[in-house]
Protein chains: 2
Amino acid sequence: MHWSRWGDPDRSGPLAPAARELVDAFLGTRDTPALAEAEARLAPPLPAHLCATFAGVVGAEQVRVDDATRLRHTRGKSTPDLLLLRSGDAGDAPGAVVRPADHDQVQAVVDVCVREHVALVPFGGGTSVVGGLVADRDGFAGVIALDLARLDRLVEVDPLSGTAVLEAGLRAPEAEALLAEHGLSLGHHPQSFEYATIGGFAATRSSGQASAGYGRFDEMVLGLTAATPRGRLDLDTAPATAAGPDLRQWLLGSEGAFGVITSVRVTVHPLPVAVLDEAWRLPSFAAGLDAVREVARSGLAPAVLRLSDETETALNLADPASVGAQSDGGCLLLTGYEGTADGLAVRREATTALLREAGAEALGPGPGAAWRRGRYDGPYLRDSLLDVGVLVETLETAALWSRLPAVYAAARASLGEHLDPGLVLAHVSHVYDNGASLYFTVAAGQGEDPLGRWRQAKTAVTDAILEAGGTLTHHHAVGRDHKPWLEREVGPVGLAMLRAVKAELDPTGVLNPGVLV
Amino acid sequence: MHWSRWGDPDRSGPLAPAARELVDAFLGTRDTPALAEAEARLAPPLPAHLCATFAGVVGAEQVRVDDATRLRHTRGKSTPDLLLLRSGDAGDAPGAVVRPADHDQVQAVVDVCVREHVALVPFGGGTSVVGGLVADRDGFAGVIALDLARLDRLVEVDPLSGTAVLEAGLRAPEAEALLAEHGLSLGHHPQSFEYATIGGFAATRSSGQASAGYGRFDEMVLGLTAATPRGRLDLDTAPATAAGPDLRQWLLGSEGAFGVITSVRVTVHPLPVAVLDEAWRLPSFAAGLDAVREVARSGLAPAVLRLSDETETALNLADPASVGAQSDGGCLLLTGYEGTADGLAVRREATTALLREAGAEALGPGPGAAWRRGRYDGPYLRDSLLDVGVLVETLETAALWSRLPAVYAAARASLGEHLDPGLVLAHVSHVYDNGASLYFTVAAGQGEDPLGRWRQAKTAVTDAILEAGGTLTHHHAVGRDHKPWLEREVGPVGLAMLRAVKAELDPTGVLNPGVLV
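Criteria and cut-off values
Residues numbered from 1 in each chain as written. Chains lettered and ligands numbered in written order. Predicted model: local features only at pLDDT ≥ 70, side-chain atom pairs only at ≥ 80, totals over all residues. Heavy atoms only, no water. Buried < 20%, exposed > 50% of the residue type's maximum accessible area, 1.4 Å probe, protein only. Helix = DSSP H or I, 4+ residues; strand = E, 2+ residues; numbered from the N terminus. Pairing = 2+ DSSP bridges. Salt bridge = Lys/Arg side-chain N within 4 Å of Asp/Glu carboxyl O. Domains from an automatic or database assignment. Contact = heavy atoms within 4.5 Å. Buried area = accessible area lost by both parts, 1.4 Å probe. Nonpolar A, V, L, I, M, F, W, Y, C, P; charged D, E, K, R; others polar. Axes fitted to C-alpha atoms, helices over the stretch in contact; angles between N-to-C directions. Parallel < 35°, antiparallel > 145°, perpendicular 65-115°, else oblique. Left-handed = near helix turned anticlockwise from the far one by under 90°. Least-squares fit on C-alpha atoms with pLDDT ≥ 70 in both. Core = buried A, V, L, I, M, F, W, Y, C linked by side-chain atoms within 4.5 Å. Polar contact = N/O pair within 3.5 Å; in protein donor to acceptor, adjacent residues only side chain to side chain.

> Teacher, can you tell me more about the pairing of strand 12 (residues 260-267) of chain B here?
Working note: regular strand, side chains alternate between the two faces of the sheet. Residue and element names in this part refer to chain B. Most of strand 12 is tucked away, with eight of its eight residues classed as buried. As judged from the five bridges shared by strand 8 (residues 163-167) and strand 12, these two strands associate in the antiparallel manner. Considered in strand 12, the bridge of Ala164 is made with Val266. Two strands pair when backbone bridges link them, and strand 10 (residues 221-228) and strand 12 are joined in this way by six bridges, in the antiparallel orientation. Bridge assignment links Gly223 to a residue of strand 12, and that residue is Arg265.

> Sorry if this is basic, but what is going on with the sheet that holds strand 6 (residues 142-147) of chain A here?
Strands belonging to one sheet form pairs held by backbone hydrogen bonds; the direction of such a pair is parallel or antiparallel. Residues and elements named next belong to chain A. Sheet architecture is open: four strands sit in the order 2-4-6-5, paired in mixed fashion. The outermost strands of the open sheet, each flanked by one partner alone, are strand 2 (63-64) and strand 5 (118-123). For strand 4 (residues 96-98) and strand 6, the ladder comprises three bridges, and the chain directions are parallel. Looking at the pairing, Val97 lines up with Ala145 of strand 6.

> Just to check I follow, could you spell out the pattern of salt bridges for this structure?
Oppositely charged side chains can pair when the atoms bearing their charge come close. Residues and elements named next belong to chain B. Applying the stated criterion across every chain, the model contains 58 salt bridges over all chains. A salt bridge links Arg75 to Asp89; its shortest N-O distance comes to 3.0 Å. A residue pair is termed long-range when its members are at least 10 positions apart, and Arg75 in the loop between helix 3 (67-71) and helix 4 (79-86) and Asp89 in strand 3 (residues 89-90) qualify at 14 residues. By relative accessible area, which is 4% here, Arg75 ends up buried. According to the relative accessible area criterion, Asp89 is partly exposed, its value standing at 26%. For Asp234, the salt bridge is made with Arg232, and the minimal N-O distance between the two is 2.6 Å.

> Just to check I follow, could you spell out the domain arrangement of chain A for this structure?
All names here are of chain A. When cut into domains, chain A gives domain 1 (154-270), domain 2 (274-376) and domain 3 (388-468). Using only C-alpha atoms to locate each centre, domain 1 and domain 2 end up separated by 28 Å. Each side of the interface is counted separately: domain 1 has 11 residues, and domain 2 has seven residues. Between domain 1 and domain 2, a total of about 780 Å² is buried, with carbon and sulfur atoms accounting for 49% of that surface. When the buried area of domain 1 at its contact with domain 2 is split by residue, Gln209, Ala212 and Tyr214 rank highest and sum to 52% of it. The interface formed by domain 1 and domain 2 holds zero salt bridges in total. For the side of domain 1 that touches domain 2, a count of residues per class yields five nonpolar, five polar and one charged.

> Mind showing me how you'd approach the packing of helix 2 (residues 48-58) of chain A against helix 5 (residues 103-116) of chain A here?
Two numbers describe a pair of packed helices, the interaxial angle and the distance between the axes. Residue and element names in this part refer to chain A. Where helix 2 meets helix 5, the closest approach of the two axes is 9 Å, and the angle between their N-to-C directions is 155°. Comparing the axis directions of helix 2 and helix 5 gives the class roughly antiparallel. Remark: the crossing between helix 2 and helix 5 carries right-handed chirality. On helix 5, the residues that touch Leu50, Thr53, Phe54, Val57 and Val58 of helix 2 are Gln105, Ala108, Val109, Val112, Cys113, Arg115 and Glu116. Grouping the constituent residues of the contact of helix 2 with helix 5 by class yields eight nonpolar, two polar and two charged.

> Looking at this structure, I do not really get the relation of the copies chain B and chain A. What am I missing?
Between the two copies of the chain lies a relationship made up of a rotation around an axis and a movement along it. You can overlay chain B on chain A at an RMSD of 0.0 Å; the transform is a turn of 180° with a shift of 0.0 Å along its axis. When the rotation and shift are considered jointly, the pair of chain copies conforms to a two-fold rotation axis. Both copies contact each other with a shared surface, as 100% of the interface residues of chain B are interface residues in chain A too.

> It is not clear to me how the nonpolar core should be interpreted in this structure. Could you clarify?
One broad rule of soluble globular proteins: the nonpolar side chains tend to lie buried together. The biggest cluster of nonpolar side chains holds 229 residues, and the ones touching the most others in it are Phe217(A), Trp250(A), Phe217(B) and Trp250(B). Those residues in contact with Trp250(B) that lie beyond four places of it in its chain are Pro245(A), Gln249(A), Trp250(A), Phe258(A), Met497(A), Leu498(A), Val501(A), Pro245(B), Phe258(B) and Val501(B). By size, the runner-up hydrophobic cluster in this structure holds 33 residues, among which are Leu50(B), Val63(B), Val98(B) and Leu146(B).

> What is the right way to read the interface of chain B and chain A from this model?
One widely used convention gives an interface's size as the accessible area the parts lose upon coming together. Between chain B and chain A, the residue contacts involve 78 residues of the former and 78 residues of the latter. Carbon and sulfur atoms supply 66% of the area that chain B and chain A bury against each other, a total of about 5,600 Å² over both sides. Seen at the junction of chain B and chain A, the total is zero salt bridges. At the junction of chain B with chain A, the criterion picks out 34 residue pairs in polar contact (both at pLDDT 80 or more). Within the residue set of the side of chain B that touches chain A, elements represented by two or more residues are strand 10, strand 11 (231-235), helix 10 (248-251), strand 12, helix 11 (285-297), helix 13 (341-357), strand 18 (390-400) and helix 18 (486-505) of chain B. It is helix 18 of chain B that contributes the most residues to the side of chain B that touches chain A, 12 residues altogether. The residue makeup of the side of chain B that touches chain A, split by class, is 36 nonpolar, 25 polar and 17 charged.

Next comes the structure, spelled out in structure tokens:
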């Protein structure tokens, strides 16, 4: 991963000419390059005696204090994170990167952190976009990033039950490759797929692009193991139980604040033998919402349902390579089917009937193929825009179907007001019987203080979303960025519950301090 | 509800001749009548000054201390509960039954309980089978049953989102009737349907007979409100969120120990316009498990999937009215479809193909119709058996598909060993992609000490189930009866988490003391 951009350094590059032309026309461009890596100013490394203590647990070669490694474990990949790094500010760098080999070593590192009062940031793919990888430093003897990359085993496959136990440090492509050897697949494909890890998916309640078919990650998890300052937590009995509140759901979304998730038992599926992407044009976003609601409720939805609003459709954002090209208007809807040939046919028939009834016009296979090709490329486009003076960021929410239009309107209005002139694009990509997510992309000029500009807009739009009945976040977690609003989401009693569990499991507060609660 | 039997007193009666003949042949019968209601020995009523304090909150007419009312709020409907009542032991009677009108009155009653140190048992339908309605008394100024019957409103219907807000005291038939006025239905039909309440379903993680189609109750809940000693808890934003751990799942299954759930937002569906029950014979329970697993995984399962093992099939327990009649062997599988005509046809076609492939033989509509007619009647049969010297009880678990045969064998062996001579019957009635529930019914002679006999068998079979990889309970909750095994299910760290939330929300421990944690 590039130190101050998304993804593979070899794949980063300038904006395509058509996109640059478009941005020039709407927002204007100017060169705003990042500083060189050598100019980054890092927090100091961990004191040697603490490094030696961690080395006693994981081995000296697995405690890294070099700047290059620490810089690549500094913050996540939100636009504010990137803006800070581009300006050379790496003040949140961990003092060391510690790389345990297995659950027991994770537990031992946690125990050392408690004993030495060292703050611990669990680090998977480093793809947080909500400030989930920045720890409080005050009062701690140091901060380490606990890199889980070596927990990369497929521990167990149970084909009869359709489950597998995966270690937390497995990146999604690695997990899929290991499962594919058994003819199985997880089907979890968020935009961060190429870098994000199994443990991160669990700790943040991730949701993938095929969530209509495979569910959210928190729905896939049947069991989990975590290392906490109170010891090992194992939850793994049955697909469903009434043995008290569902403690798995207490760890999912806990963002490393309650413990370090080291493995999960997840639902897996036979590798799809058939995949089919189709595209439709709906006359308007409102008509599109009606259509996807009916499809979601039919019980026969495709694996992928992705509806762009008019602006996103006009800008071709569903295919980052085509931004700036001509569009035919209306709203683009992508339907992606995966599974057996028979299962696919049943769903396709039912979905097609509902879409035709809703006035959808078939667009052929082109847009679906383009989307599948570019489905992980959005963040590269963001970097290219950050290079030319454009502030670009995403945010997301979810709401009941009845509240969705108001949430959409409120968020658009707020973003439009605070980032003017700017472009606000949105799509729905996660649907439920009772509601759906809304994912916004916004672009505006960076101005003199892009970070301040964004923070002001983010504060206003978050207030607006909550006021209109949306949730604080549908699949990006709380981190530090959403924390000021958590009490509004769950109320003072809910917050007290979270704090009580935090105090019980992590009484000295060394686990990801400052994140979540 | 009858004071010492299940259900409507007018519907209780003696065992049908065919069933009596069968029981006589296997176990022998003798008269073991219950004592008369007047002979029941109740704990004393609540002191007058405390009654006056509660009357100040809910009105004097809503604080009941008469024996008849208190007796009908004593314990639940497990066989041990009934055996105690039949012998006249009503020592667990609440000192008063307090009937609040709404959430605010519930909160005020909770506050009085904290101030006066009175134990509070939330009481819905009184159908607990795990000792969930028996509070510790030591050290408390008294015990009240908080009867939620007056919280019986349909608060909100959101047809566009397919949700409704229901108050906790609504019995299932009342809830269905109110929803039916809007053309909607919940689809939650446990055997306790005729008496159990919405709040009880949420507090115990109930699962209904059509769970394959409508899901478990904990899956239906999108939002909830609870009254806790720390104040009101409101969780109701979106169908799905990543704003921290899912706090709704902390209250679901909390059995009144964290707070009193006063309303829930649930998923609702259009009233089914088509219902079709079919029956199949599978050659063996093992073949049946293979078949229902494939159906469950197809994504096109019927709403009801119920597979009886060989013994249950031979005894016709799926239709309590036919127990003792001739059976044709094999294993009975019921498939019940509900929904639109088109949706039903799609699922029926897919399911039928899978069942035929698995060697299932169609049995026509008779058995399905009989099952639907008698689906809530099992508990009446139990009372008739208790009258003639037979000890009869049920228990249930769930496990991954790969562990299910071992769990089934272990439970049968343990029950057979401890209740010899006896009959052990089982069925699967809740299926998941990754596993299923197992529901056992056991009958044996009562002997001299039926309660002691059952407790010994229950202890042994619970140990056996957990040892084989089953969960402590799939849909009956923990109560007092399962509490000794909870640490084995969730581990010491899991138990510490539950205790931390209990201590935070209910620091003086007045909420259902002795239940869950």
